[in-house]
Amino acid sequence: MAESGLQQGCSCPSSTVCIASGLRKEFYLRPPSPAAQTTQTSAGKSDTPYSTGSFPAMCKTVETRASDLGLVVTLLGMLGLLGLDLLQVTALPSASYEFTACRMQQYNLHQEKYGCRGALVVAEVRTAEDPALTRHCVVMKILDFTTDTYQEVLKQNAAAVLILLPTNLTATPRHVIQNFMVSEAKALLNTTLIPVYVALEDKSLLFMYEQLKMELSSRGSSKLVRVFTSMLTTSGYQILVSNISPVKPVTDTSIITLEGVLPGAGEDPPTIVVTAHYDSFGLSPWLSFGADSNGSGVAVLLELARLFHQLYSSPRTRPPYHLLFALTGGGKYNFLGTKRWIEENMDHAESSLLQDNVAFVLCLDTLANGDGLFVHVSRPPRPGSLQHSYIQQLEQVTASRFPWVKLRTVHKKINLGGSTVAWEHEQYSVRKIPGFTLSHVKDPQAELRGSILDTMSQVDMRKLKRNTVIVAESLGRFMFNLSSKASGSPKELQLFKGQMEIQDSHLSAVLSLLSSVPRATQLLDREPGPLLMLTSLEQQLSRYLQQVHRHTFRPDHRDPEIIFFDQMKQQVMIYRLVVCKVKPAAFDLFLGGCISAYLGMVYYVIQRFGNLYMTLTRLTLRTKQQ
């Protein structure tokens, strides 16, 4: 429904409520007009018995016959029935809007719970600046979603959180994106019972957001007044997730790993493994596109496969190394695809390249940005080893071709007592296979490695090509054993140029393909878009590599390492109410109290009528005598 769908309302005046039989005036919505007040005042002077006047006039009014008491009681009864009828008047929805919202991650990894555990929402909508958020759905823009705001929402026990995500991030300031990523990463580390949803901005949702902001600003600056007003008034917007079925665990999620090889020259040559995980991670699976993490690593791997396919196609230029490529799944969940693939090759296969002489494993992760590169290792490479020689080539190529880029080595020991690892190479290090990860990210817990804002707008294609050149040139010089002294510096002797030059269009096409569909692990084996993407990756590997295989790993149903949950995407309804000023419950309580007090006063007058009549009679006689 377009914006007009939310803006259109009932044609009745705001002081009325549409009822099936006609119109009924609601005195509590808008004060009477000055003309109406004048009419009431003039009528009070001639007809109203309790209008302001002289004391004798009041006494004359009290001097009624006893039979008039029955008429008074009858009128009071009618007023009581009218009051009860008013209590039953409710605000009917004048407009509704349906949209799709994506729920926050929910999974169990090694018996640890992560993400939000709730899905059902039926609540009134408020903004994050509202002082009273209890049992309300809090709507935020990415500018509002900070760690402190999110913690305050959880502290006040809000009913739900709805985050509005802009469809175009190019106009969003960099610091806003960075702050959102930091808050998103911290939110994903914990679990909450409050449903958290993310929806793309549109005109209707933005109109609702602006209306809520305007209403909040109209309440004044006093916090006490704003809290009291928030308790008694309603925003007029109600949100409803109509799916009432409980959230169910999904234990049959498959993880797929693709592999292919370029056979080296000679007998039993060493094997170099180049690997990257292709899945993405973020606050919501359906919005996790992972352009930099780790679409960039996959794009570099496929470009390496294309380049070295040309070298391996001729016996004269074939290096004396097997080059094994692997695209693994489950990278954001302890690299389960890598772990299972290693176990299959090391423990269950009769013959595997991983069982033979492995020179080293090069893991590509997050390479489409940054001003430097980090080589992450579990232990410092031993001087003279093949891994050490390749890292030296990396340093020489970087210093010669791109002197402004700093290449640094980061040493992080593996926590053997822990259940999770930080980088993909650590799964190989556990099995005593030398390896390292190349990335422009230093901290493995960096917010960029798992964010729904990691899209193509955050990718620098020039830096992606630069890092691809560094990896390809250093790998080629290592394979052909080219030293700077004997063959010239990497700047003087470039292996990949001319027809073998690294192509920007190829890198961009692969990265655009990967960023066009969400690649969360729980979607890859059951949704058409991610499945088609996997098929495309397999076809790309088949164009350049030999012995391309697809490995599908299914969880152990008795003790699964990871459990996902369903209802990751929901249809959400927002209703706009005609009466949007007074909460039905608050007004009903107030009106009920007024009617009770009025009836109590009437009851007191009836019980004390004789005494009051005698007292007023004496006062009247005394006045006449004076």
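Residues numbered from 1 in each chain as written. Predicted model: local features only at pLDDT ≥ 70, side-chain atom pairs only at ≥ 80, totals over all residues. Heavy atoms only, no water.

Engineer: I'd like a rundown of the nonpolar core, residues and numbers included.
Structural biologist: Side chains that are nonpolar tend, in soluble globular proteins, to be buried together. Within the largest apolar cluster, 65 residues are counted, with the highest numbers of intra-cluster contacts made by Ile272, Phe308, Leu323 and Leu364. Element by element, the count of residues in this core is highest for helix 9 (residues 291-312), at 12 residues. Residues contacting Leu323, with those up to four places away along its chain left out, are Gly260, Val261, Leu262, Ile272, Val274, Phe308, Tyr312, Leu475 and Met479. Counting residues in hydrophobic clusters, the runner-up holds 46 residues, among them Tyr114, Val138, Leu283 and Val441. (Core = buried A, V, L, I, M, F, W, Y, C linked by side-chain atoms within 4.5 Å. Buried < 20%, exposed > 50% of the residue type's maximum accessible area, 1.4 Å probe, protein only. Helix = DSSP H or I, 4+ residues; strand = E, 2+ residues; numbered from the N terminus. Contact = heavy atoms within 4.5 Å.)

Engineer: Got a sec to walk through the layout of surface pockets? Specific residues and values, please.
Structural biologist: The space that makes up the second largest pocket amounts to roughly 790 Å³. Residue lining of the second largest pocket: 31 residues in total, with Tyr107, Leu189, Lys332, Pro444 and Gln445 positioned closest to the centre. Put simply, the parts of the chain that give the lining of the second largest pocket at least two residues each are strand 4 (106-109), strand 5 (112-116) and helix 6 (174-188). The dominant element in the lining of the second largest pocket, judged by the number of residues it contributes, is helix 6, at 3 residues. Classifying every residue of the lining of the second largest pocket by side-chain character gives 14 nonpolar, 10 polar and 7 charged. (1 Å grid on protein atoms, 1.4 Å probe; cavity = no way out; pocket = protein on both sides within 12 Å on 5 of 7 lines; lining within 4 Å. Points joined across faces, edges and corners; volume = space filled by probe spheres on them. Nonpolar A, V, L, I, M, F, W, Y, C, P; charged D, E, K, R; others polar.)

Engineer: Lay out the side chain of Glu124 in plain terms, naming residues and giving numbers.
Structural biologist: By secondary structure assignment, the location of Glu124 is in strand 6 (residues 122-127). Assessed through its relative accessible area of 8%, Glu124 is described here as buried. Engagement of the side chain of Glu124 in a polar contact is seen with the side chain of His136, the distance being 3.5 Å. (Polar contact = N/O pair within 3.5 Å; in protein donor to acceptor, adjacent residues only side chain to side chain.)

Engineer: Which residues make up the confidence of the model for the protein chain, and what values go with them?
Structural biologist: Mean pLDDT for the protein chain: 82, with 80% of residues reaching 70 or above. Within the model, the stretch residues 1-94 combines pLDDT values under 50 with 88 contacts to residues more than four positions away or in other chains. (pLDDT = per-residue confidence, 0-100.)

Engineer: Explain the packing of helix 9 against helix 13 (residues 461-479) residue by residue, including any values.
Structural biologist: Where helix 9 meets helix 13, the closest approach of the two axes is 10 Å, and the angle between their N-to-C directions is 40°. Our classification of the angle between helix 9 and helix 13 gives oblique. The hand of the helix 9/helix 13 crossing is right-handed. The segment helix 9 lies against helix 13, with Ser296, Val300, Glu303, Leu304, Leu307, Phe308 and Tyr312 engaging Leu464, Thr468, Val471, Ala472, Leu475, Gly476 and Met479. Tallied by class, residues from the contact of helix 9 with helix 13 come to 10 nonpolar, 3 polar and 1 charged. (Axes fitted to C-alpha atoms, helices over the stretch in contact; angles between N-to-C directions. Parallel < 35°, antiparallel > 145°, perpendicular 65-115°, else oblique. Left-handed = near helix turned anticlockwise from the far one by under 90°.)

Engineer: Could you give an account of a nonpolar patch on the surface, naming the residues involved and the relevant values?
Structural biologist: There is a patch of nonpolar side chains on the surface, built from Leu120, Val122 and Ile244 and spanning about 350 Å² of accessible area. Tracing the sequence through the fold places Val122 in strand 6. When its relative accessible area of 61% is taken as the criterion, Val122 is described as exposed. (Patch = residues over 30% accessible without salt bridge, like charges linked within 9 Å, V, L, I, M, F, W, Y side chains within 5 Å. Areas by Shrake-Rupley, 256 points an atom, 1.4 Å probe, with all protein chains shown as cover. Salt bridge = Lys/Arg side-chain N within 4 Å of Asp/Glu carboxyl O.)

Engineer: How would you sum up the sheet that holds strand 13 (residues 255-262)? Please name residues and give values.
Structural biologist: Pairing is mixed in the open sheet, where 8 strands are placed in the order 18-17-19-16-14-15-13-20. A strand with exactly one partner marks an edge of an open sheet, and here the two such strands are strand 18 (406-411) and strand 20 (546-553). Here the strands of the sheet are splayed against their neighbours by 20° on average, with no regard to which way each runs. Note that strand 13 and strand 15 (residues 322-328) share 5 bridges and pair antiparallel. Looking across to strand 15, one finds that Leu258 is bridged to Leu327. Strands strand 16 (358-364), strand 17 (372-377), strand 18 and strand 19 (435-439) of the sheet are contacted by helix 11 (residues 386-401), whose axis makes an angle of about 45° with strand 16. Strands in contact with helix 13 are strand 14 (271-277), strand 15, strand 16, strand 17 and strand 19; relative to strand 16, the strand with the most contacts, it is inclined by about 175°. (Pairing = 2+ DSSP bridges.)

Engineer: I'd like a rundown of the sheet that holds strand 12 (residues 249-250), residues and numbers included.
Structural biologist: Sheet architecture is open: 5 strands sit in the order 9-5-4-21-12, paired in mixed fashion. Of all strands in the sheet, those with a lone pairing partner are strand 9 (191-192) and strand 12, marking the two edges.

Engineer: Can you tell me about the pairing of strand 7 (residues 136-141), naming the residues and giving the values?
Structural biologist: The element strand 7 is largely enclosed, with a buried count of 5 among its 6 residues. As paired elements, strand 6 and strand 7 share 4 bridges and run parallel to each other. Note that in strand 7 the partner of Thr127 across the bridge is Val139. One ladder, built from 5 bridges, connects strand 7 with strand 8 (residues 160-165); its direction is parallel. In the sheet register, Val138 faces strand 8, and the bridge partner there is Val161. With helix 5 (residues 147-155) bridging strand 7 and its parallel neighbour strand 8, the resulting β-α-β unit is right-handed. (Right-handed = clockwise from strand over helix to strand, strands pointing away.)

Engineer: Explain the environment of His549 residue by residue, including any values.
Structural biologist: Relative to the helices and strands, His549 resides in strand 20. Between the C-alpha atoms of His549 and Ala326, which are 223 residues apart in sequence, the distance is 9.7 Å. In this view, His549 contacts Thr257, Leu258 and Glu259; residues no more than four positions away in its chain are not counted.

Engineer: Any details on helix 10 (residues 336-348)? Residues and values, ideally.
Structural biologist: Compared with an ideal rise of 1.5 Å per residue, which puts 13 residues at 18 Å, helix 10 spans 17 Å between its outermost C-alpha atoms and is within 8% of the ideal. Packing partners of the buried residues in helix 10 comprise strand 13, strand 15, helix 12 (425-430), strand 20 and strand 21 (562-565). (Expected span 1.5 Å × (residues − 1).)

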